[in-house]
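# Structural description and commentary
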Amino acid sequence: MLSLLFVTLFLVGCSVAKPPAGAIDKELVGIVGGHNAPQGKWPWQVSLKVYSYHWAAWVHRCGGSLIHPQWVLTAAHCIHHRNADPSTYRIQAGDVYLYGDQTLLSVSQVIVHPDFVYAHLGADVALLRLAEPADCSANVKPVKLSSLNLKVTRKDECWVTGWGDLSFFGWLPPPFRLQEVNVQVVENSLCEELYQNASRHRYKDRRIILDSNVCAGSEGRGPCFGDSGGPLVCKVRGSWTLVGVVSWGYGCAWRDIPGVFARVQTYVPWIQQQIHSSS
Ligand SMILES: *[C@@H]1O[C@H](CO)[C@@H](O)[C@H](O)[C@H]1NC(C)=O
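Structural notes, computed from the coordinates. None of the values given here were measured: they were computed from a predicted structure. (Residues numbered from 1 in each chain as written. Predicted model: local features only at pLDDT ≥ 70, side-chain atom pairs only at ≥ 80, totals over all residues. Heavy atoms only, no water.)

Empty space within the largest cavity amounts to approximately 80 Å³. Along the walls of the largest cavity sit 13 residues, with Trp42, Pro43, Asp95, Val96 and Asn139 positioned nearest its centre. Put simply, the second largest cavity is a space of about 60 Å³. Lining the second largest cavity are 15 residues, with Pro223, Ala253, Ile257, Pro258 and Gly259 sitting closest to its centre. Its residues assigned to classes, the lining of the second largest cavity comprises eight nonpolar, six polar and one charged. (1 Å grid on protein atoms, 1.4 Å probe; cavity = no way out; pocket = protein on both sides within 12 Å on 5 of 7 lines; lining within 4 Å. Points joined across faces, edges and corners; volume = space filled by probe spheres on them. Nonpolar A, V, L, I, M, F, W, Y, C, P; charged D, E, K, R; others polar.)

Under the counting rule described, the total for this entry stands at four disulfides. Between Cys62 and Cys78 runs a disulfide, and the two sulfur atoms are separated by 2.1 Å. The chirality of the disulfide connecting Cys62 with Cys78 is left-handed, given an S-S dihedral of about -85°. With Cys62 in strand β5 (residues 57-68) and Cys78 in the loop between β6 (71-74) and β7 (89-93), this pair connects stretches of sequence that are 16 residues apart. You can call Cys78 buried: its relative accessible area is 0%. Paired by a disulfide, Cys158 and Cys234 hold their sulfur atoms 2.1 Å apart. Between Cys158 and Cys234 the sulfur-sulfur dihedral comes to about 105°; the bridge is accordingly right-handed. Taken together, the residues span a long stretch of sequence, with Cys158 in strand β11 (residues 158-162) and Cys234 in strand β16 (residues 231-236) at a distance of 76 residues. (Disulfide = S-S within 2.5 Å. Helix = DSSP H or I, 4+ residues; strand = E, 2+ residues; numbered from the N terminus. Buried < 20%, exposed > 50% of the residue type's maximum accessible area, 1.4 Å probe, protein only.)

A cluster of nonpolar side chains, contributed by Val117, Tyr118 and Leu121, occupies part of the molecular surface with about 310 Å² of accessible area. Relative to the helices and strands, Leu121 is located in the loop between β8 (105-112) and β9 (126-130). Classification of Leu121 as partly exposed rests on a relative accessible area of 45%. (Patch = residues over 30% accessible without salt bridge, like charges linked within 9 Å, V, L, I, M, F, W, Y side chains within 5 Å. Areas by Shrake-Rupley, 256 points an atom, 1.4 Å probe, with all protein chains shown as cover. Salt bridge = Lys/Arg side-chain N within 4 Å of Asp/Glu carboxyl O.)

Lining the immediate surroundings of the ligand are Leu190, Glu193, Leu194 and Asn197. Here a nitrogen atom of the ligand sits 2.8 Å away from a polar atom, N or O, in the side chain of Glu193. Burial of the ligand by the protein chains amounts to 39% of its free accessible area of 360 Å². Residues of the shell around the ligand, tallied by class, amount to two nonpolar, one polar and one charged. (Near = heavy atom within 4 Å. Polar contact = N/O pair within 3.5 Å; in protein donor to acceptor, adjacent residues only side chain to side chain.)

What follows concerns the sheet that holds β9. The antiparallel closed barrel is built from six strands, whose spatial order is β4-β5-β6-β9-β8-β7. The average undirected angle you get between the axes of adjacent strands in this sheet is 45°. Across three bridges, β5 lies against β6 in antiparallel orientation. When the bridges of β6 are listed, Ser65 appears paired with Leu73. (Pairing = 2+ DSSP bridges. Axes fitted to C-alpha atoms, helices over the stretch in contact; angles between N-to-C directions.)

Take a look at the structure:
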């Protein structure tokens with residue numbers, strides 16, 4: 001519990017102290033309204049860990065998705081800086097419990113999207129290359145990327161998974177089991193209106209929700225601190241497809257405030273280019 005507490009504060013920095021009223025820009029780092037995920041149901045879910053001298057252990061910082069045996073897609077804001085040393089990260093794959101006794105996978109390359117500045121400005125995606133391809137099994141399996149022309153709607157079955165907070169003020173307790181929640185996609189234009197309203201039109205001269213975002217979640221259902229970088233998957237013609245990467249939001253699963261994700265289809269050409277040019 002303490003280790004997660006540390007990570008949560010670490011990742012969200014000063015924003016926790018602000019009052020929940022109005023607009024708080026937050027990088028989402030927990031699943032609100034979820035329940036325990038069965039082992040093997042989300043075999044692409046990984047935990048991105050960083051070493052904590054305080055805890056003398058590799059601790060959970062963010063979620064991520066295995067999109068290829070040797071590549072993990074996460075959020076750019078989960079990476080300390082553009083030229084982050086790959087040896088400062090480890091990947092845990094294949095277990096619904098954080099801090100099990102499984103071997104952590106080493107990272108050999110970190111690629112932050114070149115357009116990334118802040119999560120709310122878009123391009124909040126980063127790729128991590130594993131030093132060795134993961135051994136695929138029933139519990140470790142890459143997820144299919146969204147196709148370029150995929151249109152997900154509120155009618156599609158979509159889920160968010162992660163080890164993040166259970167509420168704005170509540171950490172995931174031991175034994176730190178992966179949580180899953182069924183969410184509805186919110187159309188971008190409606191999401192924009194909801195965020196404009198929530199920010200009392202302070203940003204009326206600019207778009208808050210970009211075309212490169214996808215929104216999902218509702219009151220009491222959605223991502224929270226510690227889920228950042230993790231997957232939003234939807235069932236498309238019978239197979240799970242990676243549609244979003246947990247990015248940011250105002251609060252966690254508050255009324256009329258969906259979670260905001262990086263829209264994976266926007267970044268598929270970039271992702272494929274990186275994977276091809278590195279292999
Ligand atoms: C946004 O606020 C306006 C004015 O209060 C309201 O009429 C509208 O229904 C709100 N939009 C949404 C999507 O809740």
